[in-house]
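# A closer look at the structure
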Amino acid sequence: MSLLASDYLKLCSSLPESVSLVAVSKKKTLADIRTLYEQGQRDFGENYVQELLDKQGQLPAEIRWHFIGHLQRNKVKAIVPFVHMIQSVDSFKLLLEINKQAAAIERRLDVLLQVHIAEEETKFGLDEKEVFELLEYFEAQKGQLQHVRICGLLGMGTATNDEGQTHKEFARLHALFLNLKAVQFLGQDHFSVCSMGMSGDYKIAISEGSNMLRIGSLIFGLR
Ligand SMILES: *Cc1c(COP(=O)(O)O)cnc(C)c1O
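This is a predicted model, so every value here is computed, not measured. (Residues numbered from 1 in each chain as written. Predicted model: local features only at pLDDT ≥ 70, side-chain atom pairs only at ≥ 80, totals over all residues. Heavy atoms only, no water.)

### Things to note about the pairing of strand E8 (residues 212–215)
- Alternating residues of E8 divide into Met212 and Arg214 and Leu213 and Ile215, and every residue in both groups is buried.
- Two strands pair when backbone bridges link them, and strand E1 (residues 20–24) and E8 are joined in this way by 4 bridges, in the parallel orientation. In the strand pairing of E8, alanine 23 is matched with isoleucine 215. (Buried < 20%, exposed > 50% of the residue type's maximum accessible area, 1.4 Å probe, protein only. Helix = DSSP H or I, 4+ residues; strand = E, 2+ residues; numbered from the N terminus. Pairing = 2+ DSSP bridges.)

### Quick notes on the packing of aromatic side chains
- Applying the stated criterion to the full structure yields 4 aromatic pairs.
- Measuring from centroid to centroid gives 5.2 Å for phenylalanine 92 and tyrosine 137, while their planes differ by 50 degrees, and the two rings are tilted. Residue phenylalanine 92 is located in helix H5 (residues 92–104), and its partner tyrosine 137 is located in helix H6 (residues 128–140); the two are separated by 45 residues in the primary sequence.
- Phenylalanine 92 gets classed as buried once you look at its relative accessible area, which sits at 13%.
- Looking at tyrosine 137, the relative accessible area reads 43%, which means it is partly exposed.
- With a centroid separation of 4.0 Å and 10 degrees between ring planes, the pair formed by phenylalanine 185 and phenylalanine 191 is classed as stacked. (Phe/Tyr/Trp six-rings, centres within 6.5 Å; stacked < 30°, edge-to-face > 60°.)

### Things to note about the pattern of salt bridges
- A full pass over the atoms with the stated rule returns 7 salt bridges.
- Arginine 64 is the salt-bridge partner of aspartate 43, the closest N and O atoms lying 2.8 Å from each other. Residue aspartate 43 is located in strand E2 (residues 43–46), and its partner arginine 64 is located in strand E3 (residues 64–67); the two are separated by 21 residues in the primary sequence.
- Residue classification places aspartate 43 among the buried positions, given a relative accessible area of 14%.
- Three or more residues are tied together by salt bridges with common partners; here these are Glu46, Glu51 and Lys55. (Salt bridge = Lys/Arg side-chain N within 4 Å of Asp/Glu carboxyl O.)

Below, the structure is given as structure tokens:
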């Protein structure tokens, strides 16, 4: 068995059952993705539209592609026909465009709202106030927004060695997730995903309630 496959299986066997794993395959080869696929991995995450389109055309249709990068509205149409979930919704306008393109092909798309929890200014995402605003718009226009389903939240922690800070950021995202689940999404079981944790901080993320990890370099090696 290849080192990639054995490292992957080791990681999988260490994860609690309630936690799902999206293998982040950006900048990784088709061969590496196939290796994981053959070990049973079905969920893969990509950040760039063109790269995703190239790969999707050459890999098994059973793969569930998660879009996790910043998404421009003019690129939505290209991925909506096949993508499993868009995890990086960071504006109401983007949500409207996803709904429009999904409606055009009569499908419904699952999305997550990307919440800005890190200190770094450069990371995309909504702050908490913007999340509530977006949900108000969503509620007000619900009748026209039947082609998207908000299934949870995504957050990226600050790249830091300060574990206390990482704990705090993930705890805060998880609290927001629970709060929304108990109020805005009460009784809506599809609101169920708290996507947090990458190679460097996934253990902390699990301890703070993550149920979906997005791991790249720890599986595939450094990019
Ligand atoms: C690249 C990326 C990951 C994976 O990062 P690693 O540190 O390689 O595990 C996870 N989430 C997002 C949004 C990413 O862009």
